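Understanding the architecture of this molecule
What follows is the residue order along each chain.
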Amino acid sequence: MRNKGAVIFLTIIITLLCIYYLSFTLVSRNIEQDAVTYATEESGIVDSYKKQKYLDSLWNQPVYNLFGIEFTYKEVKENQLSLGLDLQGGMHVVLEVSPVDIIKGLAANSEDPVILKAISDARQLQKTSTSSFLNLFYEAFQKEQPDGRLATYFASAANKDRFSINSSDSEILEVLDREVEEAIERSLIILRTRVDQFGTSQPNIQRLQGTGRIQVEIPGADNPERVRNLLQGVAKLEFLEVVELDEVLDQIYAINEFLIKDEKTKKSLRELDAADSVEATDDDKSLEDLLASDQDEDDLEVSDLEDILAQDQEDEGADPLLDSQVSPLLSLARGQGLIYDVKDTAKINQILNKKEVKALLPRTVKPLWDVKPIRNEVTGEDLLQITFVKVGRGGKARLTGEVITDARQDFDERASPAVSMQMNASGTREWKKITAEAASRSPQGRVAIVLDNLIYSAPGVRGEIPNGRSQISGNFTLEEARDLANVLKAGSLPAPTTIVEEAIIGPTLGQMAQNQGMISILAGLGIVVLFMIAYYSKGGLVANLALLFNIFFILGILAQLNSALTLPGIAGMVLTIGMAIDANVLIFERIREELVNGNKLKEAIRLGYEKAFSSILDSNATTFITALILFVLGQGPVKGFAITLMIGIACSFFSAVFITRVIVEWMTKKGDDSKMSFVTPLSRSMLNTLNIDFLSKRKIAYVFSVIVIAIGMGLIAVNGLNLGVDFKGGRSYVVSFNEPVVATDMRLALTESFENAGTEVKNFGANNRMKITTAYMVDDDSEQGGEMVKAAMIRGLEEFTGKKYTPEENLLGDETFVISSSSKVNPTIARDIKYASYRSIALSLVAIFLYILVRFRRWQFGLGAVVALFHDALFVLSVFAIAAAFGLAYEVDQVFIAAMLTIIGYSINDTVIVFDRIREYLNLGTSTNTLKTYNDAINGTLNRTLITSGTTLLVILILFIFGGEVLRGFSFSLLVGILVGTYSSIYIATPVVVDLDRRVKKSVKKTEPISKEGKAPAPATA
């Protein structure tokens, strides 16, 4: 083998990288377990607040030392292999930025019936069309006003910098499109800032490309209402005068004096309590001092009270807000404000929110945090500054963002990035007064630009600005200037976000999914390991070693890519275990053929790897294509599945083709054949004498497939498919009870509560856990609408069961029930998901046809493969419909589409193996009977087909049994798909090529019999 050293070097590098990244996961898990232990009360219940306080206390503390490099808990979390929400619980939200308010705003909030009618019609068209809202709006406008022009409604004095009365419709649509795009980016900036302030670890916020939607995932979110308010609240943009630090220095010292006295009082009380209680150990005492949270919101939390009090005695005038010698929590005041370590912001907020502290500050002065951290280059810590600002009565600002008519990224006189903004007439007048006052101050006054109570910039004012046109310059990067310009538009062009998809997963359900996933992986791995040893002897041991490398690489690469491991991702890993063995089966079967042909072991190994390479490459490439399409077009959990599958395919190819060869050649290096074998008594007696005339039965197979598909399609036409929420829209809840309930009775009981809207109730993995899906108020995206649906369900369940609803999972008892998870999908997004699924399947078929056409250079092979794949898809759908008729109603949803694409990839894998052997036999030219050659090729690959399909089926069966209800439909479709994929590669794909190939028809006239061996003779050399 050439480049053996490169393979060994690459394997070592990848292994070390995987160990490096996975080590963070191990450290993180240990810390989280310590937090659980600390927060577990005597009753066995984990206090989530106490657990979070423990983790927060370590957030910026070094917790891991690797080769002298220290990593804080925050850095450990950033590098660990994170779990998806379905494995740990949390909240998944997709928000849509509506362009309606932007259109109205740019039309001067026009109440013109033409604009309003066009918007209303566009909303209706959006329910059935995949076009953008702007295109639908223009389509509706043209229908309403065939000879009208958009400039009539959009050209105004306020928009003179954007439009003129002579602007064409295309120019106006271009500006509208740009403004909508900027609104989406603005919403993304605001949401990122808000979620960061939420205080959760590892939030995931990303834009869903090609849509006006933003996806937010918040692990561990246990207050959905707060999250909804946080994400959907209207942005508040204000301009506030900055109060310099020296103007409030006396008040800060007064606050310092109060805090010192407060701490001394608390110390005295603690000493009295300690005298009356059992003496605690020093370790317990320090832990309590570090992390205990006083229930009184006015109490100050510090990390080492003894140090503070000792310092107090030395210096009665020391200031916790100013002097870093007093407390490690608080850093030294510097510059033009108070700067603190990011980890201390929550504790500083507690101090500033005390009513006594508030009373010591003037009512017109308000402390606000900067949005952008300052990096301390010496310590590497992130610091945040507090700036004091002046507010009016009731905390109101003199000027708000509504007065801004335009803002854009610009350059100042030094060609540095800056921001230009323009205000309307009323804003210009007030801005003139504000800037005049600021400019007259000594030193020069500043005005803070505040969004959602966070300061984005506080530029100095050089002079009065009379015309409302201002330029903000500073130490901006180009990206920061663009972001600030976008932020300034939040007041003038608000773009409300609406939750169009939502999923809430409780921690109990997440933990159950983790356990089911681990069982599936271990059981699937165990079955494959045992089979490979039993069938391939020492060769099986080598294959198993490569399989372990494969799994290790998948986990390590996921951690390196900062991807989350989801339940569908685990399914992809389980599937990879079944499929990864396929390459080794191909190689080992080839080696055994060469041994039968009389080659020595070392030569047989060389030829086996060389001859199998083409088949392995083609089969992996076609499966990778389907996974890539699934990744590009899929969303949410489906994308996680696709990532894992792509990584798994790449890793299995490397480990099976290269790592195993290095090991096998090392074991046979000294010519001792006893160290390596590929045959056992089991494999010696199985599947070696097969000689079946498959192609003569092809018409029977055609008839069988047509009958099954016809029955299935008929049932679908009559009954439809059991579409999941993400394909039809609606709301879904998983409700847990302490005792079994009857699904049909519950559905009848909920019919009245849901006002006869379509409702489905079924068991979800157990007879005391129900999944309730309803279309009640499906078009209402508001939070109030969601609460009404939830309240209606709770009311119906309480009347039906006689039990009471409890929001806390740990309070589930004989007299209560709990909602373990919930999800909501807007009908519009359901339509988009459905169309994206159809596109992904169609695109996969086209891509595979082109790949086969290029690789095999004959259109018959490409068309035969696509016909077989189309057959597989229809066959699986038909089996789903037939199963539903017998009471096994699995949902057709995004995960089902992932299964369908996996089936396509798996089926083409089988088909390519057969086609590759046909191509090889045809190139050998050992027979003039092409039909016989095709039959020989099928028989020649039958060993590999049955072994690979059998092991994969066993693995998927394990997933079906132990994978949990979430993956039940997924694994059922894979079971059916693997069976039908194996069947179609033999009885559909190859027969279609036979019926399309004229050479085969000509050769059938010849009388050459099919050999008893069922195989074409192999050449003497490679």
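Structure's up top.
First things first, this report covers the structure right here in the doc. (Residues numbered from 1 in each chain as written. Predicted model: local features only at pLDDT ≥ 70, side-chain atom pairs only at ≥ 80, totals over all residues. Heavy atoms only, no water.)

1. So, the pattern of salt bridges
Under the counting rule described, the total for this entry stands at 30 salt bridges. Residue E257 pairs with K261 through a salt bridge whose shortest N-O separation is 3.3 Å. Here K261 and E257 lie together in helix α11 (residues 249-275), a separation of four residues that amounts to about one turn. For E257, a relative accessible area of 44% corresponds to the partly exposed category. Beyond isolated ion pairs, a larger network of salt bridges with shared partners links R590, E593, R917 and E920. (Salt bridge = Lys/Arg side-chain N within 4 Å of Asp/Glu carboxyl O. Helix = DSSP H or I, 4+ residues; strand = E, 2+ residues; numbered from the N terminus. Buried < 20%, exposed > 50% of the residue type's maximum accessible area, 1.4 Å probe, protein only.)

2. A look at the packing of aromatic side chains
The full count for this structure, using the stated rule, is 32 aromatic pairs. Ring geometry for F141 against Y153: centres 5.7 Å apart, planes inclined by 85°, an arrangement best described as edge-to-face. Within this pair, whereas F141 is found in helix α7 (residues 133-144), its partner Y153 is found in helix α8 (residues 151-154), the two being separated by twelve residues in sequence. Note on accessibility: F141 and Y153 belong to one class, buried. Ring geometry for F737 and F817: centres 5.5 Å apart, planes at 35°, overall tilted. Remark: F817 occurs in strand β22 (residues 816-825) and F737 occurs in the loop between β18 (730-736) and α25 (743-753); sequence separation between them is 80 residues. Taken as a pair, F737 and F817 share a single burial class, namely buried. By the ring-pair criterion, three or more aromatic residues cluster together here, those being Y20, Y21, F24, Y64 and F71. The ring centre of F960 lies 5.8 Å from the NZ or CZ of R968, which sits over that ring. (Phe/Tyr/Trp six-rings, centres within 6.5 Å; stacked < 30°, edge-to-face > 60°. Lys NZ or Arg CZ within 6 Å of the ring centre and 35° of its normal.)

3. A look at helix α14 (residues 345-353)
Among the residues making up α14, those that are buried are T345, K347, I348, I351 and L352. Each buried residue of α14 lies within a common arc of 160° when the element is viewed along its axis, so the set occupies one face. (Arc of directions from axis to C-beta.)

4. Observations concerning unusual backbone geometry
Put simply, S442 and P443 share a cis peptide bond, and its omega is 0°. One non-glycine residue, D452, adopts positive backbone phi at about 55°. With respect to the helices, strands and loops of the structure, D452 is situated in the loop between β14 (447-451) and β15 (454-457). Given the relative accessible area of 24%, D452 is considered partly exposed.

5. Considerations on the sheet that holds strand β12 (residues 404-411)
Spatially, three strands are ordered β12-β13-β16 in an open sheet, and the strand pairing comes out antiparallel. Two strands bound the open sheet, and with one partner strand each, they are β12 and β16 (469-473). Taken pair by pair, the neighbouring strands of this sheet meet at an average axis angle of 20°, ignoring direction. Lying on the sheet, helix α16 (residues 425-440) is in contact with β13 (417-423) and β16; it crosses β13 at an angle near 115°. (Pairing = 2+ DSSP bridges. Axes fitted to C-alpha atoms, helices over the stretch in contact; angles between N-to-C directions. Contact = heavy atoms within 4.5 Å.)

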